[in-house]
Amino acid sequence: VVPAVTGKDGLRRQLSARQVQMIAIGGTIGTGLFLGTGRSLAQGGPGSLLVCYAIVGFIVYVTLLLLGEMGTQYPVAGSFTVYSGRFFSPSYAFALSWNYWFTDAVSVASDLTAAQLVLQFWTDWHPWVISLVFLVFLLVVNATNVHSYGEMGEQILKQTHCCSAHERHQNT
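About the cut-offs
Residues numbered from 1 in each chain as written. Predicted model: local features only at pLDDT ≥ 70, side-chain atom pairs only at ≥ 80, totals over all residues. Heavy atoms only, no water. pLDDT = per-residue confidence, 0-100. Helix = DSSP H or I, 4+ residues; strand = E, 2+ residues; numbered from the N terminus. Axes fitted to C-alpha atoms, helices over the stretch in contact; angles between N-to-C directions. Parallel < 35°, antiparallel > 145°, perpendicular 65-115°, else oblique. Left-handed = near helix turned anticlockwise from the far one by under 90°. Contact = heavy atoms within 4.5 Å. Expected span 1.5 Å × (residues − 1). Buried < 20%, exposed > 50% of the residue type's maximum accessible area, 1.4 Å probe, protein only. Arc of directions from axis to C-beta.

### Remarks on the confidence of the model for the protein chain
For the protein chain, the mean per-residue pLDDT works out to 78, and 78% of the residues sit at or above 70. Within the protein chain, helix α6 (residues 146-171) has the poorest average pLDDT of any element, 65, and helix α3 (residues 81-87) the best, 89.

As structure tokens, then:
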């Protein structure tokens, strides 16, 4: 059983509510939304895309709602896999943690490939150079402390929003 976190030895909140909201928005607008939506829209049409997003969105909403309830009732230092060890089985939590790590590792590789595909349109650089630049950037951002990570994430999201709004304005 994992003990609840209290006092100085546990979690410290170093992100503001604004930073958490920006990270959440940035996490939901991922590369899959930009690169995968076009093909799905062309093959299935807007109606099926809307229905699928609604179904998956509802499932994610309920899952996060339940995870939030567990986090409120039993605050622990760790990710959601701690709850599976507490309520189900420590061996399942171990396997789930490794599965989650593997999913994130594959996701980083997928994001680097997506960056290559998008930036090949505008640059003549070799694809591995683009991946290397983004990989170094990701490593530097993740090596900083929590407060700096939140500030960088928020600024990057703001800049992306401003650039995309400016691009939309020029194209109209």
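### With respect to the packing of helix α4 (residues 90-119) against helix α5 (residues 127-143)
The interhelical angle for the contact between α4 and α5, taken along N-to-C directions, is 130°, at an axis separation of 9 Å. Here α5 runs oblique to α4, going by the angle between their axes. In this structure, the crossing between α4 and α5 has a hand that is right-handed. Between α4 and α5, the residues in contact are Val108, Leu112, Ala115, Gln116 and Leu119 and Pro127, Trp128, Ile130, Ser131, Phe134, Leu135 and Leu138, respectively.

### Considerations on α5
When the terminal C-alpha atoms of α5 are compared, their 24 Å separation across 17 residues agrees well with the 24 Å that a helix rising 1.5 Å per residue should span. All of the buried residues in α5 are Ile130, Ser131 and Val141. The buried residues of α5 occupy an angular sector of 95° when the element is viewed end-on, so they sit on one face. Set apart from the buried face of α5 by more than 90 degrees, the exposed residues are Trp128, Leu139 and Ala143.

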